[in-house]
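Residue-level structural notes
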Amino acid sequence: MTSTTSAPATSTAQRTTIAKALNAGMRAAMERDPKVLLMGEDIGKLGGVFRITEGLQKDFGEDRVIDAPLAESGIVGTAVGLALRGYRPVVEIQFDGFVYPAFDHIVSQVAKMHYRSQGKLRLPMVIRIPYGGGIGAVEHHSESNESYFAHTAGLRVVTVSTTDDAYWMMQQAIASDDPVIFYEPKRRYHERGVLDLGGATPDLADAPMGLHEAAVRHEGTDVTVLTYGPMVKVALAAAQAAELEDGPSIEVVDLRSLSPLDTEVIEASVNKTGRCITLSEAQTFTSIHGELAAHVQQHCFYHLEAPVLRVGGVNIPYPPSRHEEVFLPDLDRVLHAVDTVLSY
Amino acid sequence: MSDEEVARSAAPTTPAGDLPGGSAAAPARGLHEPPERDITDGGPDMVQFLDSEGRRVPLTDVNSPYASFLDELGPDDLRGMLRDLILVRRVDSEGFALQRQGELGLWPSLLGQEAAQVGPGRAMRTQDYAFPGYREHGVAWCKGVPPENLLGMFRGVNHGGWDSNENNFHLYTIVIGNQMLHAVGYAMGVQRDGDVATGDPDRDTAVMAFTGDGGTSQGDYNEALVFAAVANAPVVFYVQNNHWAISEPNDRQFRVPPYRRADGFGFPGVRVDGNDVLASYAVSRAALERARSGEGPTLVEAFTYRMGAHTTSDDPTKYRISAEVDIWKAKDPIDRMTKYLTAEGLVDQAWLDAVAAEADELAKRIRHACQTMPNPPHSEMFEHVYADPHPLVEREAAEFAAYMAGFED
Ligand SMILES: Cc1ncc(C[n+]2csc(CCOP(=O)(O)OP(=O)(O)O)c2C)c(N)n1
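Keep in mind it's a predicted model, so treat the numbers as computed, not measured. (Residues numbered from 1 in each chain as written. Chains lettered and ligands numbered in written order. Predicted model: local features only at pLDDT ≥ 70, side-chain atom pairs only at ≥ 80, totals over all residues. Heavy atoms only, no water.)

1. Structural notes on the overall build of chain B
A count of helices and strands for chain B gives 15 helices and seven strands. Over its C-alpha atoms chain B spans a radius of gyration of 22 Å, differing by no more than 12% from the 22 Å that the globule rule assigns to 409 residues. Reported as C-alpha extents along the three principal axes, the dimensions of chain B are approximately 75 × 50 × 50 Å. Evaluated residue by residue, chain B yields a buried proportion of 54% over its 409 residues. With an accessible surface of roughly 17100 Å², chain B has 52% of that area assigned to carbon and sulfur atoms. Taken as two groups, the 36 positive and 62 negative side-chain charges of chain B have centres that lie 3 Å from each other. (Helix = DSSP H or I, 4+ residues; strand = E, 2+ residues; numbered from the N terminus. Rg over C-alpha atoms; globule rule 2.2 N^0.38 Å. Buried < 20%, exposed > 50% of the residue type's maximum accessible area, 1.4 Å probe, protein only. Areas by Shrake-Rupley, 256 points an atom, 1.4 Å probe, with all protein chains shown as cover. Lys, Arg positive; Asp, Glu negative; His and termini not counted. Charge placed at Lys NZ, Arg CZ, Asp CG, Glu CD.)

In structure tokens form, the structure reads like this:
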């Protein structure tokens, strides 16, 4: 297995969680640039309901880690004003299902300010959204709504699956002059991985990958699984299970960026394997799945041995959590899809 | 509408203070029975310095807190105000004409609201930042944005043809209410930059956010008031209550006038006669100075009237009676300032003729600028989607260019 998470054995490498890596990434960005500030509900003393901003208010003060009124449109709308004044706001949406009151600002103002000003105004801001299911939550706490934002020109949409990415991509997103929707796989927050902090004063140039590059997390020759965020782990488990049983050789591509897509890595992988599965928790209808499938059939047509299959949520509202076990794609569903594409 | 109905709709509303406990309890009425509207009279709380006849209103408890700002004005300032009113009206009528002649796709007229905009426009300092809706041509004028720059978006060649940071006048915002939050966020940035309450008049900065009476129904408007109050942000909310939101009278937006709602958010609200440029100037000055000196937000409601259609696409004859417009014609902001300054001996016919000639020249300039505005090359539509390169946009731009090149010989 090849993995970009395997860090060089330096003294700065440590095992930590995605949650802590995100926190460390924000901290590094705040130390580097006094214009970076955080805003959201409960992010101060509490450190956010997931504790991702823990300790930051204590160290950077209430003016840079702002406990905002409970109003998502207000949070994103005022962040627009702060960005216009020269700040780099990083806002936290408490849960995926609560971004909708801010949807208007994100798609009509955040996404379009640079365009409508003909490049004169920039909105360097990050909107952090903990997303996805699998934590037994009540409704509106488990959604994968990334397609709405990837559909909107002017936004960059990224998501992480490793501690290393959590740390570096957070800093890259904050440094980006474009607005970035940053999806955090909440179900994976407490999973550990190796993180190389890159020295005492981390330099963004040390980042192992660009913000919009896709990573091949597991090399394979028979079928490509295009996935991201919380589902990367599922795909890797499927690849390993198949490998142990001398089954098909599965290549796992972690997209990392949903807008823009790293089409080079996608096409290279599918052209090599000739078979492709898309895997995400998002409902498949008019989703990232559809975009990936369309892209692959258009650009890898002569290499394809089978139709592209989409493994994702069925087209229902996110169900009550007692159904999660079957609603969320798991290893068996991935392996079933692998068998299906191989049967053509 | 009967005479009796016109009279009723023109009757002043009961002042808030007369209701027990200041409550805004509405009288019982049927679902489709309109409440009484204070269509023409702003009530006893309204700050006014010039009445509709152009006479100075005696000092009262209501207007005297603002009088000192007028004492500072010399003859040139007063003449400058009238000149602005006249030129801004001409910009507006030219915009309207250009739309009718097919040069613009749309024009939102400010007819009747000139004083409501020139007042705050002149009260703002260079460093103060304005966040407009889409009808703030008078504020743009005072902030130094060339009027021809406003035409691009209505002609369809751009989404805003000026650099917001050049004159501290943000791009027009079409989604009602969004700009209110942008203003508050900007003001929060001003606070963090330490540009409030320094005592340096060239440094202390306020932000002004403009919306209409319809806009006060939006969540964003109300969230902006919450955020501003909590942050004690240096922002002035300026509601132009022009009584109509397209076809909906303002009784479809509120039962308590906007200025009185400020109380519930925890900062002062003031109603000002929006057709009286002296009053709208003085009240804006006070609110802006409050903001700059770190005392926090103020809500100003300019009580005014949209004399024309909502935009050139609107047909007010479908919903509005002409008697209402006639009542407001008699309150015209330009007539009243002209009468006042004439009576004071500050302007005469020769001065007025000179400004009229200036207005003609301005109109000619705008017309020429509009008609000669180049269409942008279509390739430009791919530009500035992102600040940094985005492969999808680049790929589609290249495909588009190749496709278009196929038509060239
Ligand atoms: C969010 C939103 N909804 C609807 C519209 C369409 N619209 C444009 S102007 C307008 C009425 C606005 O009335 P008001 O706020 O009173 O301002 P006025 O135009 O009278 O100055 C409406 C409904 C819009 N621009 N934005």
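That was the structure; now back to the text.
2. Description of the site of the ligand
Residue and element names in this part refer to chain B. Near the ligand you find 15 residues, and of these Tyr134, Arg135, Ile174, Gly214 and Trp244 are the closest. Note that a nitrogen atom of the ligand is positioned 3.1 Å from one of the backbone N or O atoms of Ile176. In this structure, an oxygen atom belonging to the ligand sits 2.7 Å away from a main-chain N or O atom of Trp244. Expressed as a share of its isolated accessible area of 590 Å², the protein-covered part of the ligand is 71%. (Near = heavy atom within 4 Å. Polar contact = N/O pair within 3.5 Å; in protein donor to acceptor, adjacent residues only side chain to side chain.)

3. Section: the domain arrangement of chain A
Residue and element names in this part refer to chain A. The domain boundaries assigned to chain A delineate domain 1 (14-206) and domain 2 (215-343). Contact with domain 1, which involves 26 residues of that partner, is made by 24 residues of domain 2. Interface area, domain 1 with domain 2, both sides summed: about 1900 Å², of which 50% is carbon and sulfur. Counting every contact that joins domain 1 to domain 2 gives four salt bridges. Where domain 1 meets domain 2, there are 16 residue pairs in polar contact (both at pLDDT 80 or more). (Domains from an automatic or database assignment. Contact = heavy atoms within 4.5 Å. Buried area = accessible area lost by both parts, 1.4 Å probe. Salt bridge = Lys/Arg side-chain N within 4 Å of Asp/Glu carboxyl O.)

4. Some remarks on the sheet that holds strand E11 (residues 250-254) of chain A
Residues and elements named next belong to chain A. Taken in spatial order, the five strands of this open sheet run E9-E11-E10-E13-E14, and their pairing is mixed. If you trace the sheet from one side to the other, it starts and ends with strand E9 (215-218) and strand E14 (309-313), each paired once. Across the sheet, the mean angle separating the axes of adjacent strands is 25° when strand polarity is ignored. (Pairing = 2+ DSSP bridges. Axes fitted to C-alpha atoms, helices over the stretch in contact; angles between N-to-C directions.)

5. As for the domain arrangement of chain B
Structurally, chain B comprises domain 1 (46-372) and domain 2 (377-408). When each unit is reduced to the centre of its C-alpha atoms, the spacing between domain 1 of chain B and domain 2 of chain B is 39 Å.

6. What to know about the interface of chain A and chain B
Contact with chain A, which involves 50 residues of that partner, is made by 42 residues of chain B. Around 3600 Å² of area is buried between chain A and chain B when both sides are counted, 56% of it from carbon and sulfur atoms. The largest per-residue losses of area from chain A upon contact with chain B belong to Arg85, Tyr115 and Arg116 of chain A, which jointly make up 21% of the total buried on that side. Inspection of the chain A/chain B interface yields four salt bridges. In this structure, the salt-bridge partner of Asp195 of chain B is Arg85 of chain A, at a minimum N-O distance of 2.7 Å. Scanning the region where chain A abuts chain B turns up 26 residue pairs in polar contact (both at pLDDT 80 or more). Listing elements by their share of the side of chain A that touches chain B, those giving two or more residues are strand E2 (36-40), helix H3 (72-84), helix H4 (100-110), helix H5 (113-116), helix H9 (263-273) and helix H10 (288-299) of chain A. With ten residues, the single largest contributor to the side of chain A that touches chain B is H3 of chain A. Here the side of chain A that touches chain B is composed, by residue class, of 18 nonpolar, 19 polar and 13 charged. (Nonpolar A, V, L, I, M, F, W, Y, C, P; charged D, E, K, R; others polar.)

7. Considering the sheet that holds strand E1 (residues 129-131) of chain B
In any sheet, the strands associate via hydrogen bonds between backbone groups, in a parallel or an antiparallel arrangement. Residues and elements named next belong to chain B. A sheet is described by the order of its strands in space; here five strands give the open sequence E1-E2-E3-E7-E6, paired in parallel fashion. Edge positions in the open sheet fall to E1 and strand E6 (269-273), since each of these has one partner strand only. Taken over all neighbouring pairs, the strand axes of this sheet differ in orientation by 20° on average, direction set aside. Of the strands in this sheet, strand E2 (207-212), strand E3 (235-241) and strand E7 (298-303) are in contact with helix H4 (residues 114-123), which crosses E3 at around 170°. Together, E3, E6 and E7 form the strand contacts of helix H10 (residues 258-265), whose direction differs from that of E7 by roughly 170°.

8. So, the packing of aromatic side chains
Applying the stated rule across the entire model yields 25 aromatic pairs over all chains. Arranged with centres 5.1 Å apart and planes meeting at 55°, the rings of Phe50 of chain A and Tyr189 of chain A form a pair that is tilted. Of the two residues, Phe50 of chain A sits in the loop between E2 and helix H2 (56-60) while Tyr189 of chain A sits in the loop between strand E7 (180-185) and strand E8 (192-196), which places them 139 residues apart along the sequence. Tyr189 of chain A shares its class with Phe50 of chain A; the two are buried. Centre to centre, the rings of Tyr131 of chain A and Tyr183 of chain A are 4.7 Å apart; their planes meet at 55°, and the pair counts as tilted. Note that Tyr131 of chain A is positioned in strand E5 (residues 126-131) and Tyr183 of chain A in strand E7, a separation of 52 residues in sequence. Each member of the pair Tyr131 of chain A and Tyr183 of chain A is classed as buried. Through successive ring pairs, a cluster of aromatic residues spans Trp107, Phe154, Trp162, Phe169 and Tyr172 of chain B. Over the aromatic face of Tyr87 of chain A sits the side chain of Lys35 of chain A, whose NZ or CZ is 4.3 Å from the ring centroid. The residue whose ring lies beneath Lys331 of chain B is Trp328 of chain B, and the NZ or CZ to ring-centre distance is 5.3 Å. (Phe/Tyr/Trp six-rings, centres within 6.5 Å; stacked < 30°, edge-to-face > 60°. Lys NZ or Arg CZ within 6 Å of the ring centre and 35° of its normal.)

9. Details of a nonpolar patch on the surface
Residue and element names in this part refer to chain B. Judged by side-chain polarity, Tyr403, Met404 and Phe407 come together as a nonpolar surface patch covering roughly 350 Å² of accessible area. Tracing the backbone shows Met404 in helix H15 (residues 391-405). Overall, the relative accessible area of 34% leaves Met404 in the partly exposed class. (Patch = residues over 30% accessible without salt bridge, like charges linked within 9 Å, V, L, I, M, F, W, Y side chains within 5 Å.)

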